[in-house]
Amino acid sequence: MQGPLRGGTGPGLSPVDRRTLLICTFILAVAWGQMNFTGDQVLRILAKDEKQLSLLRDLEGLKPQKVDFWRGPARPSLPVDMRVPFSELRDVKAYLKSHGLAYSVMIKDIQVLLDEERDAMARSRRLERSTSSFSYSSYHTLEEIYSWIDNFVAEHSNLVSKINIGNSFENRSILVLKFSTGGSNRKAIWIDTGIHSREWITHATGIWISNKIVSAYGKDHLLKKILNAMDIFIEIVTNPDGFAFTHSMNRLWRKNKSSQPGIACIGVDLNRNWKTGFGGNGSNRNPCSETYRGPAPQSEPEVAAIVEFITGHGNFKALISIHSYSQMVMYPYGYSLEPVPNYEELFNLAKDTVKALHKVHGIQYTFGSISATLSSGITVDWAYDSGIKYAFSFELRDTGQYGFLLPASQIVPTAQETWMAIRTIMKHTLNHPY
Amino acid sequence: MQPRRPLPPTPLLWLLLSLALPAAAVAPWDRERTDVPARPPAAGLPRGILQLAARAALHFFNFRASSPSALRVLAAVQEGRAWVDPQEGCEVNLVFSTERYNPEEEGEESLGKCSARVFFKNQKPRPAINVTCMGLTEKIKRQERDNLLYKQVKQLKNPLNVISIPDSHGHIDPSLRPLWDLAFLGSSYVMWEKTTQFLNYYLVQISRVKQLKTNDDGIDFDFTVLLHEFSTQEIIPCQIHLFWYPGKPLKVQYHCQELQSPEEASGIDEASAMAPTELSNF
């Protein structure tokens with residue numbers, strides 16, 4: 001936010017001209033829904049003692065606001081990061097100097113940063129507009145995905161419909177795609193991607209697979225058999241708030257964006273918030289932790305929405321929850337070392353799944369029970385204890401070379417092999433009704 | 001395969017039988033359980049310890065080799081044994097295959113093979129490592145490539161107008177690839193020192209380049225990386241300051257940021273965090 005305009009003298013323009021120019025820019029920026037941060041800087045200050053800290057807090061308290069803290073004054077040993085609008089730079093720096101507060105410039109011009117990001121994304125968007133088709137080999141924003149969903153459903157309305165199963169913490173729609181050839185409350189298969197927002201390859205895979213289902217339906221006899229007997233549900237953006245945040249502020253955000261009064265850290269690990277095994281050793285009670293389980297089982301709207309939907313439906317027979325990275329196919333339990341009753345069956349199905357995946361591009365996955373990773377309160381354990389016998393968790397490419405930042409060039413190959421893995425599980429589910 | 005060392009006098013509580021993991025497409029880790037007698041696995045011996053130990057050995061190996069163009073990553077664990085003694089620590093002996101981190105020519109897989117002994121003393125980080133590798137790039141080729149990398153870094157214009165490597169879409173500009181390799185080399189030292197039998201690390205991103213100076217003495221590179229910590233899932237920012245010259249041992253200093261407790265957190269949405277303190281010059 002631009003602060004009140006002062007009569008600073010910029011090069012060339014008189015104070016009035018400059019002020020007018022800035023006001024006009026501000027109005028236009030607001031009108032176009034884009035904030036402009038040209039010349040804004042982010043300063044890092046190390047306060048030596050409490051006195052200096054309180055000086056910084058004073059800055060924050062000024063009305064109208066002169067600075068915007070990215071990392072607020074907490075303790076003398078911790079750095080304070082604050083964004084200073086261009087118009088306030090001179091005054092704020094003078095204030096810091098006069099009070100002996102040492103600072104360094106972390107980001108010299110925020111707008112440059114934002115422009116670079118925007119250019120990169122515009123490049124991929126431009127391609128889609130000119131070929132008038134959505135690019136399945138790029139990463140997309142939340143808005144682009146939601147708009148694709150609407151187009152996709154409209155184009156394939158004989159097979160696909162969109163269901164809103166609830167709202168996220170920040171009030172975004174939680175959407176599920178339903179693939180069905182008819183019937184009433186048929187046996188169903190659930191697939192979710194993006195429960196951890198930084199795992200971008202999973203959303204991209206979910207989108208590709210959705211498209212694969214509609215395009216392969218006529219030619220793939222097995223798929224036809226599956227869809228003649230069962231419905232498929234795919235939730236692509238399981239954590240929409242977190243996903244939006246990975247685009248706007250922090251590419252490596254994992255959790256959702258829920259907050260509780262009086263607690264400084266934000267976000268709950270949605271894959272630790274499920275009822276089965278909640279609170280076990282494989283999750284954390286520290287809200288600042290990446291595996292924070294949340295205040296109570298199913299406390300998070302994103303989890304509650306799925307629980308309600310699946311429970312209400314009552315006829316799900318398989319569930320696959322997709323993550324990245326590590327290249328693994330896993331079955332329950334995560335919270336306990338105790339093997340599930342149909343352990344042998346799941347072991348063999350996992351083995352076949354990994355084999356089918358390997359056939360596509362030669363990528364090696366390992367398989368086993370989730371307890372190897374020691375996680376509790378997870379989706380797959382809840383699904384299993386709710387009666388879904390074929391419950392699996394996938395960890396997609398790679399094994400650490402790029403990790404979460406998997407290059408877009410790997411989206412299609414990853415999706416292709418993952419599809420064959422999913423198809424194997426669906427086939428088994430079809431052939432082993434219960 | 002290294003000869004078995006004599007068992008220490010203190011009684012061992014658990015003994016994990018050796019695992020034969022053929023380099024096949026299917027690799028279940030549940031087979032470990034079927035071989036172990038009906039007791040719960042040792043509290044100090046997590047699943048995946050063999051992979052963890054192999055990676056730690058490679059971090060150490062890469063750091064020691066000090067060659068950013070000859071970095072190695074784990075391909076597959078082939079054999080391994082692990083012992084835990086709650087009084088002493090955890091020892092892992094293993095054989096594993098490696099591949100080049102940055103395969104250049106098509107088809108140049110260049111699989112190497114290493115055997116290692118990794119010892120974690122009393123759940124502490126910085127395991128003691130003995131590692132030998134074979135089938136790697138010959139020294140002359142390595143020197144050639146290091147010299148080329150050095151030249152490429154020298155040609156980069158300062159100040160670098162780059163925010164993060166790779167970017168959000170996993171893309172690394174080819175001109176910046178040498179920096180990434182250097183950062184990976186420096187991070188190898190950090191990741192080795194931080195690895196415990198429970199925690200291991202992956203390099204996610206260079207989140208900030210503070211300073212890059214290249215002169216005839218060598219490359220002076222000051223930057224911040226983000227490490228991904230398993231199994232806590234935390235992202236750990238580490239400021240690293242390294243000095244490198246082709247053929248000479250790498251010099252590294254670093255400072256990683258501690259995890260915030262609920263009281264410390266400022267309540268503002270976290271942007272990528274960066275390490276705070278200044279490092280003294282070499």
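Cut-offs and rules
- Residues numbered from 1 in each chain as written.
- Chains lettered and ligands numbered in written order.
- Predicted model: local features only at pLDDT ≥ 70, side-chain atom pairs only at ≥ 80, totals over all residues.
- Heavy atoms only, no water.
- Helix = DSSP H or I, 4+ residues; strand = E, 2+ residues; numbered from the N terminus.
- Buried < 20%, exposed > 50% of the residue type's maximum accessible area, 1.4 Å probe, protein only.
- Contact = heavy atoms within 4.5 Å.
- Areas by Shrake-Rupley, 256 points an atom, 1.4 Å probe, with all protein chains shown as cover.
- UniProt positions renumbered as here; feature names shortened; annotations may be inferred.
- Phe/Tyr/Trp six-rings, centres within 6.5 Å; stacked < 30°, edge-to-face > 60°.
- Lys NZ or Arg CZ within 6 Å of the ring centre and 35° of its normal.
- Polar contact = N/O pair within 3.5 Å; in protein donor to acceptor, adjacent residues only side chain to side chain.
- Core = buried A, V, L, I, M, F, W, Y, C linked by side-chain atoms within 4.5 Å.
- Disulfide = S-S within 2.5 Å.
- Salt bridge = Lys/Arg side-chain N within 4 Å of Asp/Glu carboxyl O.
- Pairing = 2+ DSSP bridges.
- Right-handed = clockwise from strand over helix to strand, strands pointing away.

Asker: Is there a simple way to explain the overall build of chain B in this structure?
Answerer: Helices and strands together make up the secondary structure of chain B, namely four helices and 11 strands. Relative to its full complement of 282 residues, chain B shows a buried share of 52%. Once local pairs closer than 6 in sequence are excluded, the contacts in chain B between residues at least 24 apart make up 62%. In the form shown here, chain B has an accessible surface area of approximately 13,200 Å², with 53% of it arising from carbon and sulfur atoms.

Asker: How should the UniProt feature "domain: Peptidase M14" (unreviewed entry) in chain A be read in this particular structure?
Answerer: The positions that UniProt labels "domain: Peptidase M14" (unreviewed entry) are, in the present scheme, residues 138-429 of chain A. Secondary structure within residues 138-429 of chain A divides into 37% helix and 18% strand; the distance between the first and last C-alpha atoms comes to 32 Å.

Asker: What should I look at first to understand the packing of aromatic side chains in this one?
Answerer: Remark: the centre distance and the inter-plane angle together describe each pair of aromatic rings, the angle taken between the planes. Residue and element names in this part refer to chain A. If you walk through the whole model with that rule in mind, you get 31 aromatic pairs over all chains. Residues phenylalanine 134 and tryptophan 148 carry aromatic rings whose centres are separated by 5.7 Å and whose planes lie at 35° to one another, so their mutual orientation is tilted. Of this pair, phenylalanine 134 sits in the loop between helix 4 (110-131) and helix 5 (142-155) while tryptophan 148 sits in helix 5; the two residues are 14 residues apart in sequence, bridging distant segments of the chain. What makes phenylalanine 134 buried here is its relative accessible area of 17%. Relative to tryptophan 148, the ring of tyrosine 136 lies with its centre 6.4 Å away and its plane at 85°, an arrangement referred to as edge-to-face. Placement of tyrosine 136 in the loop between helix 4 and helix 5 and of tryptophan 148 in helix 5 is noted, with a sequence separation of 12 residues between them. We classify tryptophan 148 as buried; its relative accessible area is 4%. One residue, arginine 251, lies across the ring of tryptophan 200, its end atom 3.7 Å from the ring centre. Positioned above the aromatic ring of tyrosine 434, the side-chain terminus of lysine 317 is 4.5 Å from the ring centre.

Asker: It is not clear to me how the UniProt feature "active site" (unreviewed entry) in chain A should be interpreted in this structure. Could you clarify?
Answerer: All names here are of chain A. Cross-referencing UniProt, the feature "active site" (unreviewed entry) maps to Glu395 in the present numbering. Judged by relative accessible area, glutamate 395 falls into the buried class, the value being 14%. Discounting residues that sit within four places of it in the chain, glutamate 395 has contacts with His323, Ser324, Tyr325, Ser326, Gln327, Met328, Met330 and Tyr365. In terms of polar contacts, glutamate 395 uses its side chain to reach the backbone amide nitrogen of serine 324, at 3.4 Å.

Asker: What's the story with unusual backbone geometry in this structure? I'm lost.
Answerer: Most peptide bonds take the trans form, and the phi angle of most residues other than glycine is negative. Residues and elements named next belong to chain A. Cis geometry is found at the peptide bond from serine 324 to tyrosine 325, where omega equals 0°. Relative to the helices and strands, tyrosine 325 is located in the loop between strand 9 (316-324) and strand 10 (328-331). Positive phi values are uncommon outside glycine, yet serine 326 reaches one of about 145°. Structurally, the position occupied by serine 326 is in the loop between strand 9 and strand 10. The class for serine 326 is buried, based on a relative accessible area of 18%.

Asker: In this structure, what is going on with the nonpolar core? I would like to understand it.
Answerer: Within soluble globular proteins, side chains that are nonpolar tend to cluster in buried spots. Residues A:Phe179, A:Phe392, A:Phe394 and B:Phe96 are the most contacted members of the largest nonpolar core, which totals 158 residues. Of all the elements, helix 2 (residues 49-65) of chain B adds the most residues to this core, at 11 residues. Filtering out sequence-adjacent residues up to four positions away, B:Phe96 remains in contact with B:Ala54, B:Ala57, B:Leu58, B:Leu74, B:Ala76, B:Val77, B:Gln78, B:Gly112, B:Lys113, B:Cys114 and B:Ala116.

Asker: Even after reading the chapter, I still don't get the state of the cysteines, so can you show me in this structure?
Answerer: The bond known as a disulfide is covalent and runs between the sulfur atoms of two cysteines. Residue and element names in this part refer to chain B. Within the structure shown, the criterion is met by three disulfides over all chains. Between cysteine 114 and cysteine 133 runs a disulfide, and the two sulfur atoms are separated by 2.0 Å. Between cysteine 114 and cysteine 133 the disulfide shows an S-S torsion of about 105°. By sign, it is right-handed. You can see cysteine 114 sitting in strand 6 (residues 112-121) and its partner cysteine 133 sitting in strand 7 (residues 128-134), a full 19 residues away along the chain.

Asker: Explanation requested: the pattern of salt bridges in the structure shown.
Answerer: Working definition: two side chains of opposite charge can pair if their charged atoms are close together. All names here are of chain A. One pass over the full model with this rule turns up 13 salt bridges over all chains. Between aspartate 150 and lysine 162 there is a salt bridge; the shortest N-O distance is 2.8 Å. Highlighted residues: aspartate 150 in helix 5 and lysine 162 in strand 5 (residues 160-167), separated in sequence by 12 residues. When its relative accessible area of 40% is taken as the criterion, aspartate 150 is described as partly exposed. Here lysine 257 ties to glutamate 170 by a salt bridge, and the two come within 3.2 Å at their closest N and O atoms. Remark: glutamate 170 occurs in the loop between strand 5 and strand 6 (173-179) and lysine 257 occurs in the loop between helix 8 (240-248) and helix 9 (301-313); sequence separation between them is 87 residues. Counted as one network, the salt bridges with shared partners bring together Glu170, Arg172, Asp241 and Lys257.

Asker: Sorry if this is basic, but what is going on with the pairing of strand 10 of chain A here?
Answerer: Where a strand is regular, its side chains alternate between the two sheet faces. Residue and element names in this part refer to chain A. Of the two faces of strand 10, both are covered, the one formed by Met328 and Met330 as well as the one formed by Val329 and Tyr331. With four bridges connecting them, strand 10 and strand 11 (residues 365-369) associate as parallel partners. Counterpart to tyrosine 331 in the pairing with strand 11 is serine 369. As a crossover connection, the stretch from strand 10 through helix 10 (residues 343-361) into strand 11 is right-handed. Both strand 10 and strand 12 (residues 390-396) contribute to a ladder of three bridges, which runs antiparallel. The residue bridging methionine 328 from the neighbouring strand is glutamate 395, located in strand 12.

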